[in-house]
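Listed here are the chains, written in short residue letters.
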Amino acid sequence: MNTQTPVAEKSKRKTAAQNESQPLFRKFFIEALQDIYWAEKHIPKGLQKMQKAATCKRLIAAFKKHEEESPEQLALLEQVFAALGEKAVAKKCDAMEGLMKETDSVIEETEKDSFVRNAALILCAQKIEHYEIATYGTLCALAGYLPEREVQQLLGDILAQEKKTDVSLTEIAEAYVNQPASEE
């Protein structure tokens, strides 16, 4: 017995027909989502390492805040997958893995408790943010070509958070880290 309303049934058929008319685009879009989903699942571990390595209290707080935003961003991505009728599945993100390895190297290669290390951590964090901004910005633009309109809004919400984090890191660098780092 079908419990869906005629409108819901028609909408479901329409979405299925649209999905069939853009199979390559949709596949590409979903794979890109899987890539950033993997990245978002791994970023908190990197942020924890950065918190431990940093000495500037404001920088530590910024890393902590971003770590706390990660579950919300994952939940928004899961809503995107659901809106597309897809299961949220992570696909290894080589770019994010590389950025995390670079962060590990920076921590190992900079002097503990130095402002230079704090500056280097900001650089690493902003590389990660810029990767996320580029990815979410592109996905948001591409989502405009999908029939599921809420996808673009959800991705736009994540993009706005990433941009805000990037601005915060710049402010911390300019107000508290760069000058003392340049004097070491």
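Once that is clear, we can look at the overall build of the protein chain. Within the protein chain, the secondary structure is distributed over six helices and zero strands. Taken from the N to the C terminus, the helices and strands of the protein chain come in the order α-α-α-α-α-α. Each of the 184 residues in the protein chain was classed as buried or not, and the buried ones make up 43%. Taking the contacts inside the protein chain whose residues are at least 6 apart along the sequence as the reference set, 79% of them involve residues at least 24 apart. When the accessible surface of the protein chain is split by element, carbon and sulfur atoms take 55% of a total near 10,200 Å².

So, about the pattern of salt bridges. One pass over the full model with this rule turns up seven salt bridges. For the salt bridge of Glu 97 with Lys 92, the shortest nitrogen-to-oxygen distance reads 3.0 Å. Of the residues examined, Glu 97 reaches a relative accessible area of 25% and is grouped as partly exposed. Among the ionic pairs, Lys 127 bridges to Glu 102, the shortest N-O distance being 2.5 Å. Residue Lys 127 is found in helix 5 (residues 115-143), and its partner Glu 102 is found in helix 4 (residues 94-109); the two are separated by 25 residues along the sequence. Classification of Lys 127 as partly exposed rests on a relative accessible area of 33%.

With that settled, the discussion passes to the nonpolar core. Within the largest apolar cluster, 48 residues are counted, with the highest numbers of intra-cluster contacts made by Phe 29, Leu 33, Leu 59, Phe 63, Met 96 and Leu 155. Among the elements of the structure, helix 2 (23-53), helix 3 (57-83), helix 4, helix 5 and helix 6 (150-182) are those that each provide at least two residues to this core. When residues of this core are assigned to their parent elements, the largest contribution, twelve residues, is made by helix 2. In contact with Phe 29, not counting residues within four places along its chain, are Leu 84, Leu 139, Leu 142, Ala 143, Leu 146, Val 151 and Leu 155.

With that settled, consider the packing of helix 3 against helix 6. At a closest axis distance of 9 Å, the pairing of helix 3 and helix 6 adopts a crossing angle of 170°. Here helix 6 runs roughly antiparallel to helix 3, going by the angle between their axes. Class assignment of the residues belonging to the contact of helix 3 with helix 6 gives a composition of 14 nonpolar, six polar and six charged.

Attention now goes to the packing of helix 2 against helix 6. Direction vectors running N to C along helix 2 and helix 6 enclose 35°, while the axes themselves pass 14 Å from each other. In the packing of helix 2 onto helix 6, the handedness of the crossing is left-handed. For the pair formed by helix 2 and helix 6, the contact residues are Phe 29, Leu 33 and Glu 40 on the first element and Val 151, Leu 155, Ile 158 and Glu 162 on the second. Of the residues in the contact of helix 2 with helix 6, the class split is five nonpolar, no polar and two charged.

What follows concerns unusual backbone geometry. Backbone geometry at Asp 113 places phi at a positive 60°, although glycine is not the residue there. What makes Asp 113 exposed here is its relative accessible area of 53%.

Reading guide: rules and limits
Residues numbered from 1 in each chain as written. Predicted model: local features only at pLDDT ≥ 70, side-chain atom pairs only at ≥ 80, totals over all residues. Heavy atoms only, no water. Helix = DSSP H or I, 4+ residues; strand = E, 2+ residues; numbered from the N terminus. Buried < 20%, exposed > 50% of the residue type's maximum accessible area, 1.4 Å probe, protein only. Contact = heavy atoms within 4.5 Å. Areas by Shrake-Rupley, 256 points an atom, 1.4 Å probe, with all protein chains shown as cover. Salt bridge = Lys/Arg side-chain N within 4 Å of Asp/Glu carboxyl O. Core = buried A, V, L, I, M, F, W, Y, C linked by side-chain atoms within 4.5 Å. Axes fitted to C-alpha atoms, helices over the stretch in contact; angles between N-to-C directions. Parallel < 35°, antiparallel > 145°, perpendicular 65-115°, else oblique. Nonpolar A, V, L, I, M, F, W, Y, C, P; charged D, E, K, R; others polar. Left-handed = near helix turned anticlockwise from the far one by under 90°.

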